[in-house]
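# Results of the structural survey
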Amino acid sequence: MGTSLTPEFWERFTILLVVAVAVTVVLTAALDALAARLPHRPGSGRRPRAAGQVPTAEGRLPRPRTEPRPLLDGPAGRR
């Protein structure tokens, strides 16, 4: 026994579809705005800032410059 899709069905379907899309868009925008306002909390794996270091524009600390390790046996000893 088949059912016929009446104009009343399509009217209600269209209304419910538009309402569902509108609710989804509004909720997504609201949750996105809330997430953007949350403060960024650094993870426990980050190093503490040394005294006198200023973060860069991206918010990262500059890497300390390290000297290359000396070769104990010279270039020939690295085989």
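Everything that follows concerns the structure shown earlier in this document.
Structure report, in brief. (Residues numbered from 1 in each chain as written. Predicted model: local features only at pLDDT ≥ 70, side-chain atom pairs only at ≥ 80, totals over all residues. Heavy atoms only, no water.)

### A few points about the overall build of the protein chain
When you go through the protein chain residue by residue, the secondary structure sums to 1 helix and 0 strands. Buried positions account for 1% of the 79 residues belonging to the protein chain. For the protein chain, the accessible surface area stands at approximately 8300 Å², while carbon and sulfur atoms represent 61% of it. (Helix = DSSP H or I, 4+ residues; strand = E, 2+ residues; numbered from the N terminus. Buried < 20%, exposed > 50% of the residue type's maximum accessible area, 1.4 Å probe, protein only. Areas by Shrake-Rupley, 256 points an atom, 1.4 Å probe, with all protein chains shown as cover.)

### Notes on the pattern of salt bridges
Applying the stated criterion across every chain yields a total of 1 salt bridge. Glu8 is paired through a salt bridge with Arg12; the nearest N and O atoms lie 2.8 Å apart. Taken together, the positions of Glu8 and Arg12, both in helix 1 (residues 7–37) and 4 residues apart, correspond to about one turn of that helix. Take Glu8: its relative accessible area is 46%, and that puts it in the partly exposed class. (Salt bridge = Lys/Arg side-chain N within 4 Å of Asp/Glu carboxyl O.)

### What about the packing of aromatic side chains?
Scanning the model with the defined rule gives 3 aromatic pairs in all. With a centroid separation of 5.7 Å and 90° between ring planes, the pair formed by Trp10 and Phe13 is classed as edge-to-face. Within this pair, Trp10 and its partner Phe13 are both found in helix 1, separated by 3 residues, close to a single helical turn. Each member of the aromatic cluster is reached from another via a ring pair, and the members are Phe9, Trp10 and Phe13. (Phe/Tyr/Trp six-rings, centres within 6.5 Å; stacked < 30°, edge-to-face > 60°.)

### Examining a nonpolar patch on the surface
On the surface, a nonpolar cluster with roughly 670 Å² of combined accessible area is contributed by Leu5, Phe9, Trp10, Phe13, Leu17, Val21 and Val25. You can see Val25 is positioned in helix 1. (Patch = residues over 30% accessible without salt bridge, like charges linked within 9 Å, V, L, I, M, F, W, Y side chains within 5 Å.)

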